[in-house]
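Structure assessment
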Amino acid sequence: MRHAPADPRTDRTLLVTGAAVAAAGTAARAEAVAVRGDRIVHVGTAEDARAALGGRADETLELDGGLVHPGFVDAHCHLVMYGQALAWVDCRPERVPDIDTLVAVLSEAARDLPAGVPVRGFGYEHRRLAERRHPTCHDLDRIATDREVYVMNASGHGGVVNTHTLHACGITAGTPDPDGGSIGRFESGEPDGQLWDAACDRLTGPAGVKIGNHGPNFHLSEPDDIMADHLLRAQETFLAAGVTTVGDAQASRREMETYLRARESGALRMRVSAYLTSALLDVALDLGVVHGFGDDLFRVQGVKFYADGTLGGWTAYFPEGYAADCCHHGQLYHSAEEYAEIVRRAHAAGLQTATHAQSPFAIGMVLDAVEKAQADVPRADMRHRIEHCGLPTDEQITRMAGLGVVPVMQPQHHLRTGDGTLTAIGDLGHRYNPAGPCLPAGVPVVFSSDAPVAPPAPLEAVSAAATRRTVLGTVLGDASLRLPVADGLHAHTAAAARALHRERSVGSLAPGLLADFVVLDSDPLDADPSELASIGVRETWIGGSRAWAAPGR
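Keep in mind that this is a model prediction, so the values were computed, not measured.

Remarks on helix α10 (residues 336-349)
Here α10 spans 20 Å end to end across 14 residues, near enough to the 20 Å set by a 1.5 Å rise per residue. Considered for burial, the residues of α10 that qualify are Tyr339, Ala340, Ile342, Val343, Ala346 and His347. Viewed along the axis of α10, the buried residues span an arc of 170°, placing them on a single side of the element. Downstream of α10 by a residue or two, Gly350 has a phi angle that is positive, lying close to 95°.

Structure follows, in structure tokens:
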């Protein structure tokens, strides 16, 4: 009887030694990891790891100290959008302190672009500009009047265009605000260049992706090769940060096409779980794309919904008004009844839902909808998610535990915008991202970046949750709201994997799981929590193969 030859992809062995190993579920450290194919077969002593490989290691990774840690899982980001933003002009506060500088950096970029090519920037924060306002179409007209100029706000929920773009999009004083969006206006009623959420549908062109009142439209398409470059650029940055698995928290046709082309060509270097925009819910249900459709590299996991807007953009919904402006309330994308119905339909079909909700009102709306959907069609272990979950009350955290709802937070948001949140909503802002009370209540808090709103930097996120200190030095809330470093690391690995329904394959270093790990310069548990972001990433491995290494290694 003839036996098939060994498959080198499944039979290849790897021994990792020379550094402490963060084994699953404990602060104790092991000595070595044994890998066969793309899976871990043993974590323990170096002697036992060698024995688990039958004494044969096709490759040995002999490290000189540091820590072998599970690959970080970023459960909520926008991978393709992040790559696109990296290709645009950097307009973040660190580079652009005022509108004149914004105009200058975009004008410089425009000089290097061929005629007619749009000039696009990302990352301005109006409340950190010296003028404390958004730029206007007239400001951007100083850059160009014969082509599109668009600068996206750091929130990703919209931005500002020049007069040329307003005319090209057919936006006039008589254009009404769309459902789920708004058009900024001067006192005269003329459009001032601001386009928010559903209004950004105008920017994608007649054949482009449309979102309507299902969320912000950042899905500006470009030629296939350019989209492929965006994805490659984004993956390189995530891998350099030690991130091996991501959840794309709003996938449209643009993202699906980009991921599938990369999957086919071999250019998809990370594991991706996609959450389809709820504008595609009918399509997903018609096609039966439910229950984690895909494989270990790329899968469709669920559907992304929106309840309210952003804290940074003052579009999160507060029925009583903002502390800084009692007449300003923010927005809801759907009525409570409409939202509950679309959640019910997704839940009944077995689709995990992930809903953006920031204010206590919006979070309550999500919990009410999940509770009703579960009562109508009981389903075990759905793990419906609340994205951001910025300001839950203690009572709402208790409800999350009872309903099995998972909050997916971004500590880097309060790091960067915590002071602006205090200005907007008053003392309630001290409670922004209350990770500390979640674990005692039995709620498995999850961390993520929301890139491009914040860069992929898991250790910075863990540090921000442990210290709750903003970039301006303000400490938010009391010690009860902080999350210890060990729990923060869990929130960015095993808990994040569970939020993606991937805990049986990633998020820990244990036998049977995929060999996705990162080599850190030192152990985060030994560091001052405020210094975690300075710990370097040496190498990132996916499926037992090196995916990235720091220059010189």
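Some remarks on the packing of helix α3 (residues 79-87) against helix α7 (residues 224-240)
Two numbers describe a pair of packed helices, the interaxial angle and the distance between the axes. Their axes nearest at 7 Å, the elements α3 and α7 cross at an angle of 95°. Considered as vectors, α3 and α7 are oriented roughly perpendicular to each other. Residue-level inspection shows Leu79, Val80, Tyr82, Gly83, Gln84, Leu86 and Ala87 of α3 in contact with α7, the latter providing Met227, His230, Leu231, Arg233, Ala234, Gln235, Thr237 and Phe238. Residue classes in the contact of α3 with α7 are distributed as nine nonpolar, five polar and one charged.

What about the pairing of strand β16 (residues 271-277)?
Counting buried positions along β16 gives seven out of seven residues, so the element sits mostly inside the fold. Judged from the five bridges that link them, strand β15 (residues 243-251) and β16 form a sheet pairing that is parallel. Bridge pairing in β16 places Thr245 opposite Arg271. Read from β15 through helix α8 (residues 253-265) to β16, the crossover connection turns out right-handed.

What to know about the environment of Gly156
Its place among the elements puts Gly156 in the loop between β11 (149-153) and β12 (158-161). Along the backbone, Gly156 and Gly123 are 33 residues apart, and their C-alpha atoms lie at a distance of 8.1 Å. Those residues in contact with Gly156 that lie beyond four places of it in its chain are Met81, Pro216 and Phe218.

Some remarks on the packing of α3 against α8
The N-to-C vectors of α3 and α8 enclose an angle of 90°; their axes lie 9 Å apart at closest approach. Classified by the angle between their axes, α3 and α8 sit roughly perpendicular to one another. Taking contact as the criterion, the partners of Leu79, Val80, Met81 and Gln84 in α3 are, on α8, Arg254, Glu255, Thr258 and Tyr259.

Quick look at the state of the cysteines
The full count for this structure, using the stated rule, is zero disulfides. Here Cys200 is not disulfide-linked; the sulfur of Cys169 is the nearest cysteine sulfur, at 9.5 Å.

Some remarks on the pattern of salt bridges
Summed over the entire model, instances satisfying the criterion amount to 32 salt bridges. Between Arg263 and Asp295 there is a salt bridge, with the nearest N and O atoms lying 2.4 Å from each other. A residue pair is termed long-range when its members are at least 10 positions apart, and Arg263 in helix α8 and Asp295 in the loop between β17 (293-294) and β18 (298-306) qualify at 32 residues. Salt bridges linked by common partners bring Asp381, Arg383, Arg498 and Glu503 together as one network.

Brief notes about unusual backbone geometry
Put simply, Ala451 and Pro452 share a cis peptide bond, and its omega is 15°. Inspection of the secondary structure assignment puts Pro452 in the loop between β22 (446-447) and α14 (458-467). Look at Asp450: it is not a glycine, yet its phi comes out positive at around 60°. The residue Asp450 is located in the loop between β22 and α14 in this model. For His501, which is not a glycine, the phi torsion comes out positive at approximately 60°. Its place among the elements puts His501 in the loop between α16 (494-499) and β23 (517-520). Overall, His501 belongs to the partly exposed group, its relative accessible area being 26%.

Let's talk about the packing of aromatic side chains
Using the criterion set out here, one finds nine aromatic pairs in the structure. Residues Tyr82 and Phe238 carry aromatic rings whose centres are separated by 5.6 Å and whose planes lie at 90° to one another, so their mutual orientation is edge-to-face. Here Tyr82, found in helix α3, pairs with Phe238, found in helix α7; they are 156 residues apart in sequence, far enough to count as distant. The same class applies to Tyr82 and to Phe238, which are both buried. Taking 5.4 Å as the distance between ring centres and 15° as the angle between the ring planes, the aromatic pair formed by Trp314 and Tyr322 counts as stacked. Given the relative accessible area of 2%, Tyr322 is considered buried. Joined through ring pairs, the aromatic side chains of Trp314, Phe318 and Tyr322 make up one cluster. Stacked on the ring of Tyr275, the Lys or Arg Arg385 has its end atom at 4.6 Å from the ring centre.

Criteria and thresholds
Residues numbered from 1 in each chain as written. Predicted model: local features only at pLDDT ≥ 70, side-chain atom pairs only at ≥ 80, totals over all residues. Heavy atoms only, no water. Helix = DSSP H or I, 4+ residues; strand = E, 2+ residues; numbered from the N terminus. Expected span 1.5 Å × (residues − 1). Buried < 20%, exposed > 50% of the residue type's maximum accessible area, 1.4 Å probe, protein only. Arc of directions from axis to C-beta. Axes fitted to C-alpha atoms, helices over the stretch in contact; angles between N-to-C directions. Parallel < 35°, antiparallel > 145°, perpendicular 65-115°, else oblique. Contact = heavy atoms within 4.5 Å. Nonpolar A, V, L, I, M, F, W, Y, C, P; charged D, E, K, R; others polar. Pairing = 2+ DSSP bridges. Right-handed = clockwise from strand over helix to strand, strands pointing away. Disulfide = S-S within 2.5 Å. Salt bridge = Lys/Arg side-chain N within 4 Å of Asp/Glu carboxyl O. Phe/Tyr/Trp six-rings, centres within 6.5 Å; stacked < 30°, edge-to-face > 60°. Lys NZ or Arg CZ within 6 Å of the ring centre and 35° of its normal.

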